[in-house]
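# Summary of structural features
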Amino acid sequence: MWAPDIYEGSPTPVTAFLSIAPKISISANISRVSIYGSYGATLQQIFFFYNIASMILGALAAMAQMKVKRPLAHSSIGHVGYIRTGLSCGTIEGIQSLLIGIFIYASMTIDAFAIVLALRQTRVKYIADLGALAKTNPISAITFSITMFSYAGIPPLASFCSKFYLFFSTLGCGAYFLAPVGVVTSVIGRWAAGRLPRVILGDRRQGSSPCTGHVAYRISCDTDGNACYER
């Protein structure tokens, strides 16, 4: 559970590196074991348990977060479980789905943290602070919303395709209990990942003040809702 604190406390470029590089390195090294060697049923069961725990923890823990970077940390935990389902199969199809999942996850993460880095310059820290993004920066709002919808696995976006391929490979290797768990946790994770686009796009529909945000961060607005004063 230290990952969200590290994500929140580290500089955004460092956070993006820690979110991508270790997963690629570990997956590449373990994939070599699957290609050039083999592992027994006991190790495969350990992989299955690890994947299920990561998917459940990532989906449930992200629901209660209030800051922008912390849901990305829990989403990273969940995506480790999704990606490793292909590795757990020990088949060529599983390795192929793993490589596709790693590529798509790295692309989404780079995009998400690039936008978070740009938003940090405007002192956006909490999810509630995203309410005015659709008015102040529509391009970033649309891009960030599409990225988070992809994180959530909304079809026909890239993450949905990678998860479909990963779950299909698990069914092909006989792990019939792993794919349903992945589908259920993916549906739960849609609420957490979709919360950011709902805040971003909801302001445009409701016409709320651009000063809406976390109480500890925004303390007052003028009568027209045009100026915010920070503590």
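On a predicted model such as this, the values are computed, not experimentally measured, just so you know.

So, on to the environment of Ile-146. Here Ile-146 shows up in helix α7 (residues 138-152). With a relative accessible area of 44%, Ile-146 lands in the partly exposed category. For the pair Ile-146 and Gly-194, spaced 48 residues apart in the sequence, the C-alpha separation amounts to 9.7 Å.

Attention now goes to the nonpolar core. Core analysis: the biggest nonpolar cluster contains 31 residues, and Val-68, Leu-72, Leu-130, Phe-144, Met-148, Tyr-151 and Leu-196 have the highest contact counts within it. Those elements giving two or more residues to this core turn out to be α4 (69-89), α5 (92-120), α6 (133-136), α7 and α9 (178-206). No other element matches the 11 residues that α5 contributes to this core. Not counting the four nearest positions on each side in its chain, Tyr-151 is found in contact with Leu-72, Ser-75, His-79, Tyr-105, Met-108, Thr-109, Ala-112, Ser-159, Lys-163 and Ala-193.

For the protein, mean pLDDT is 77; residues scoring 70 or higher make up 82% of the total. Here strand β1 (residues 218-221) is the element of the protein with the lowest mean pLDDT, 40, and helix α8 (residues 158-172) is the one with the highest, 88. Across residues 203-231, confidence stays below pLDDT 50; counting only partners more than four residues off in sequence or on other chains, it has 51 contacts.

With that settled, consider the packing of aromatic side chains. With the rule as written, the count across this model stands at four aromatic pairs. For the pair Tyr-82 and Phe-167, a centre-to-centre distance of 6.1 Å together with 70° between the ring planes defines the contact as edge-to-face. Of the two residues, Tyr-82 sits in helix α4 while Phe-167 sits in helix α8, which places them 85 residues apart along the sequence. Side by side, Tyr-82 and Phe-167 carry an identical accessibility label, which is buried. Note on Phe-164 and Phe-168: the rings are 6.4 Å apart at their centroids and 15° apart in plane angle, and the pair reads as stacked. Here Phe-164 and its partner Phe-168 are both found in helix α8, four residues apart, which amounts to about one turn of the helix. Among the residues examined, Phe-164 registers a relative accessible area of 54% and is labelled exposed. A relative accessible area of 55% means that Phe-168 is categorised as exposed. An aromatic cluster of three or more residues is present, and its members are Phe-160, Phe-164 and Phe-168. For the cation-ring pair, Lys-163 lies above Tyr-82, with the distance from its terminal atom to the ring centre recorded as 4.4 Å.

About the thresholds
Residues numbered from 1 in each chain as written. Predicted model: local features only at pLDDT ≥ 70, side-chain atom pairs only at ≥ 80, totals over all residues. Heavy atoms only, no water. Helix = DSSP H or I, 4+ residues; strand = E, 2+ residues; numbered from the N terminus. Buried < 20%, exposed > 50% of the residue type's maximum accessible area, 1.4 Å probe, protein only. Core = buried A, V, L, I, M, F, W, Y, C linked by side-chain atoms within 4.5 Å. Contact = heavy atoms within 4.5 Å. pLDDT = per-residue confidence, 0-100. Phe/Tyr/Trp six-rings, centres within 6.5 Å; stacked < 30°, edge-to-face > 60°. Lys NZ or Arg CZ within 6 Å of the ring centre and 35° of its normal.

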